[in-house]
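Geometric and topological summary
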Amino acid sequence: MPNPDQFKRVSAGQGFIAALDQSGGSTPKALRLYGVEENEYSGEAEMFDLIHQMRSRIIKSPAFNGDKVVGAILFEMTMDRDIDGTPTATYLWNECQVVPFLKVDKGLAEEDGGVQVMKPMPDLDALLDKAVAKGIFGTKMRSVISAANPEGVKAVVAQQFEIGKQILAKGLVPIIEPEVTITIADKAAAEDLLRDAILAELDALAEDQNIMLKLSLPENDNQYKVLVDHPRVVKLVALSGGYSREEANDKLSRNSGMIASFSRALTEGLSAKQSDAEFDDTLAATIDTIYQASIAG
C-alpha cells in the first residue's frame, strides 16, 4: 500500500508537482536552458553529473519545500543518486516534505494512427521493486496524441491503464500521462476523445485502484472536471507542454481542481551562472506563480 502520509499529502495538499525527470534525450536541451552548453562537458557521465547538480540545487533551495511543492518526479538515475549523502527520494520526503515519484517509461514508439504509444518495458517489475525499496510513492509514464483519431486515442489510454494496473499491484500510484500535442489543429476534438476514453477506464477500476492523471492544458476550460471529480482519481495534474510559464499558469488558473506538474516552465530563468542568492530568488518567484495558478481553480 502507498505511504498513507504521502497519499494524504498528494490528495489533500495544496501546491504542485515538480517534474525533474528529463532523461537522456532531453538532458542536453535542459542543460542549455540552464546555461550549460554541450562544449562544457564530455560524454554522458559528465552530462548526467551536471543535470544532477542542477536538480540537487533546485531541491536544496529554501523555496523548494512542502509548503508549495507537494511532489517531484525523478528520472531513474536521479533516484539512484544521493543529495548530501542521502538517497534523493529519502531526502525529498524527510528534508522537504515533498513526495517522490519516478518516471518509468522507456520512451515512445514510432507514430501510428496519429499517436505514439510507449515502447515495451520488459524490466518494469524489477524497476518497480527497486522504486519501492527506495521509498518512491508513485510513477509517471508518457504517451503522445497528435491527432483526434478515436482508435489511436483508445490504444494510448488502454496501454496506459494496463501498465497502470501492473504498477498498482506493486503498491505504487501511477501517474497516467497521455499528452495531447498543443500545436495540432484538432486538439479540442482529441481532448474530447481522451476524456471519454479515460472515463471508461476509470469506471472499470476496482475501489482500491486509485490513479493520478497528467494531461495537457485543455482548449476548453474545465474540460477534465469530470475526471478531477472521479473517485478513482487521486489528483489531476497539468503539463506545460511547450507553453511559456506565463501562458501555462494562465490556462491552469482557469481549470478547477487541476494542479501543475511543470518541467521546463519550472526551470525557466534558472542559470548555472547565477549566484546562490539569485538562483534561490528566481526559483522562489517561479514556485510562487505556479503555486498560485495551481490553487486558483
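This section reports on the structure supplied with the text. (Residues numbered from 1 in each chain as written. Predicted model: local features only at pLDDT ≥ 70, side-chain atom pairs only at ≥ 80, totals over all residues. Heavy atoms only, no water.)

For strand β10 (residues 233-239), the tally of buried residues reaches seven of seven residues, placing the bulk of the element in the interior. With six bridges connecting them, strand β9 (residues 211-216) and β10 associate as parallel partners. In the strand pairing of β10, Lys214 is matched with Val237. As paired strands, β10 and strand β11 (residues 258-260) are joined by three bridges and run parallel to one another. The residue of β11 that forms the bridge with Leu236 is Met258. (Buried < 20%, exposed > 50% of the residue type's maximum accessible area, 1.4 Å probe, protein only. Helix = DSSP H or I, 4+ residues; strand = E, 2+ residues; numbered from the N terminus. Pairing = 2+ DSSP bridges.)

Once that is clear, we can look at unusual backbone geometry. With a phi close to 50°, Asp84 is a non-glycine residue in the positive phi region. Take Asp84: it is sitting in the loop between β3 (82-83) and β4 (86-87). Unlike most non-glycine residues, Asn222 shows phi in positive territory, near 60°. Counting through the fold element by element, Asn222 comes out in the loop between β9 and α9 (225-228). Residue Asn222 is classed as partly exposed on the basis of its relative accessible area, which comes to 35%.

With that settled, consider the packing of aromatic side chains. Taken as a whole, this structure holds four aromatic pairs when the rule is applied. A centroid spacing of 5.5 Å and a plane angle of 85° characterise the contact between Phe101 and Phe137, whose relative ring orientation is edge-to-face. Here Phe101, found in strand β5 (residues 99-103), pairs with Phe137, found in the loop between α6 (124-133) and β7 (138-145); they are 36 residues apart in sequence, far enough to count as distant. Among the aromatic side chains, those forming a connected cluster through ring pairs are Phe7, Phe101 and Phe137. (Phe/Tyr/Trp six-rings, centres within 6.5 Å; stacked < 30°, edge-to-face > 60°.)

Moving on: the layout of surface pockets. The computed volume of the largest pocket comes to approximately 810 Å³. Lining of the largest pocket is provided by 32 residues; of these, Gln22, Ser26, Arg142, Ser263 and Arg264 occupy positions nearest its centre. If you tally residues by element for the lining of the largest pocket, the top one is helix α2 (residues 27-33), at three residues. Tallied by class, the residues present in the lining of the largest pocket amount to nine nonpolar, 11 polar and 12 charged. Counted as a void, the second largest pocket has a volume near 200 Å³. Taken together, Met1, Pro2, Phe7, Leu168, Ala169, Gly171, Leu172, Val173, Asp208, Gln209 and Asn210 form the lining of the second largest pocket. By residue class, the composition of the lining of the second largest pocket is seven nonpolar, three polar and one charged. (1 Å grid on protein atoms, 1.4 Å probe; cavity = no way out; pocket = protein on both sides within 12 Å on 5 of 7 lines; lining within 4 Å. Points joined across faces, edges and corners; volume = space filled by probe spheres on them. Nonpolar A, V, L, I, M, F, W, Y, C, P; charged D, E, K, R; others polar.)

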